[in-house]
Amino acid sequence: MPSMNWIKNSAAIFIICICICPALLAAEECGKALPEYESILGSGLKSGALYYNIANCYLEKGQVGKAILNYKRAMYLIPRDSAVRINYGYALSRMRQRDAIAKRPHFIALLNNAFNFFSLKETVLTFLICYYLAAALIIMRKFARTHRFALSGISILFILATVIIAIPMSDKIKDAEKEAIIISRTSDAKMEPASDASSIFPLYEGMKVYIIKCNGGWCKIKRPDNKIGWISEKDLSMVTSSSAHL
């Protein structure tokens, strides 16, 4: 009869194998699929689902920065996809250190969060609709002989809507032009674009920065809290550099 300890050890090994083997198989499958996905991107075919699959593969491989980068690219194209948002949130939870918090008025922060569920194209389209409706109502009021008061009230509402939508729209345009993600494990922001320059602050994999300019393999970046420094260009990747954000 086998000893009780042997049975317990065998059971433990069996359970570990059950837990680990699927993860290893998934990582192996991702390793095979990732080059195929990236070759599709290289051919010019882009979609939110494709970026989502690439992000999942990087997350499975433990490359959190590249996973976050591709989830962000997916969200530009399919902003209301629940699976993308859930996995993106999980990837953020695996960051070594979260993004620096931008000091913004509470109302603007709420407004930006509300418009996170809209793509840049949808936000711009909504802005234009409100703008042209406001303009049309103002013209109608000028020539109308009746209901002038009602037309004035409605036109004021559309003017306010246009102004309000302009805030998240401008932020989305800024992100589309300048947003980048740190893809290296760690990177030190320097005072000058030189490897021997003094370090100002550390940046960690998955953190968001804004590119001010790039020159000679170095990029001048700004964190969301407005701290500025220089980092190596290979340590980051622009979110929209290879994605059609519109």
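Report on the accompanying structure. (Residues numbered from 1 in each chain as written. Predicted model: local features only at pLDDT ≥ 70, side-chain atom pairs only at ≥ 80, totals over all residues. Heavy atoms only, no water.)

Secondary structure assignment for the protein yields seven helices and seven strands. For the protein, with 246 residues in total, the buried portion stands at 36%. Look at the contacts in the protein between residues 6 or more apart in sequence, and 60% of them connect residues 24 or more apart. With the model as given, the accessible surface of the protein reaches about 14,700 Å², and the carbon-plus-sulfur share is 63%. (Helix = DSSP H or I, 4+ residues; strand = E, 2+ residues; numbered from the N terminus. Buried < 20%, exposed > 50% of the residue type's maximum accessible area, 1.4 Å probe, protein only. Contact = heavy atoms within 4.5 Å. Areas by Shrake-Rupley, 256 points an atom, 1.4 Å probe, with all protein chains shown as cover.)

This next bit is on helix α7 (residues 148–178). The first and last C-alpha atoms of α7 sit 45 Å apart over 31 residues, in line with the 45 Å expected at 1.5 Å per residue. By the burial criterion, the buried members of α7 are Leu151, Ser152, Ser155, Thr162, Ile165, Pro168, Met169, Asp171, Lys172, Asp175 and Ala176. Contacts made by the buried residues of α7 are with α3 (64–77), α5 (106–114), α6 (120–143), β1 (179–182) and β4 (208–215). (Expected span 1.5 Å × (residues − 1).)

Going through the model one piece at a time under the given rule, you end up with five salt bridges. Residues lysine 72 and glutamate 179 are paired through a salt bridge, measuring 2.9 Å at the closest nitrogen-oxygen approach. With lysine 72 in helix α3 and glutamate 179 in strand β1, this residue pair connects regions lying 107 residues apart in the sequence. Side by side, lysine 72 and glutamate 179 carry an identical accessibility label, which is buried. Put simply, glutamate 205 and arginine 185 hold a salt bridge, and the shortest N to O gap is 3.0 Å. (Salt bridge = Lys/Arg side-chain N within 4 Å of Asp/Glu carboxyl O.)

What follows covers the pairing of strand β5 (residues 218–222). Note that β4 and β5 share five bridges and pair antiparallel. In the sheet register, asparagine 215 faces β5, and the bridge partner there is tryptophan 218. What sits between β4 and β5 in their antiparallel hairpin is a turn of two residues, with glycine 216 showing a positive phi close to 60 degrees. Relative to strand β6 (residues 228–232), β5 runs antiparallel, the two sharing five bridges. Pairing of lysine 220 across the sheet is with tryptophan 230, part of β6. (Pairing = 2+ DSSP bridges.)

Side chains of Phe107, Ile156, Leu157, Leu160 and Ile164 sit close together on the surface and give an oily, nonpolar patch of about 490 Å² of accessible area. If one sorts the elements of the nonpolar patch by residue count, α7 sits on top with four residues. Tracing the backbone shows isoleucine 156 in helix α7. (Patch = residues over 30% accessible without salt bridge, like charges linked within 9 Å, V, L, I, M, F, W, Y side chains within 5 Å.)

Okay, the nonpolar core next. With 41 residues, the main nonpolar core has Ile68, Tyr71, Leu203, Ile221 and Leu236 as its most contacted residues. Of all the elements in the fold, those that place two or more residues in this core are α1 (4–42), α2 (48–60), α3, α4 (82–93), β1, β3 (199–204), β4 and β5. In this structure leucine 203 touches Ile182, Arg185, Thr186, Ser187, Ala189, Val209, Ile221, Arg223 and Ile231, once residues within four positions along its chain are discounted. If you look at the next biggest cluster of nonpolar residues, it comprises six residues, including Phe115, Phe127, Ile165 and Met169. (Core = buried A, V, L, I, M, F, W, Y, C linked by side-chain atoms within 4.5 Å.)

Relative to the elements of secondary structure, valine 64 occurs in helix α3. Linking valine 64 and leucine 92, residues 28 residues apart in sequence, is a C-alpha distance of 8.0 Å. The residues touching valine 64, leaving out its near neighbours within four places in the chain, are Ala91, Arg94, Met95 and Glu205.

Let us now look at unusual backbone geometry. Backbone geometry at histidine 147 places phi at a positive 60 degrees, although glycine is not the residue there. Structurally, histidine 147 can be placed in the loop between α6 and α7. Note on histidine 147: relative accessible area 63%, which makes it exposed. In this model, asparagine 226 sits at a positive phi of 75 degrees, which is unusual for a non-glycine residue. Counting through the fold element by element, asparagine 226 comes out in the loop between β5 and β6. Overall, the relative accessible area of 54% leaves asparagine 226 in the exposed class.

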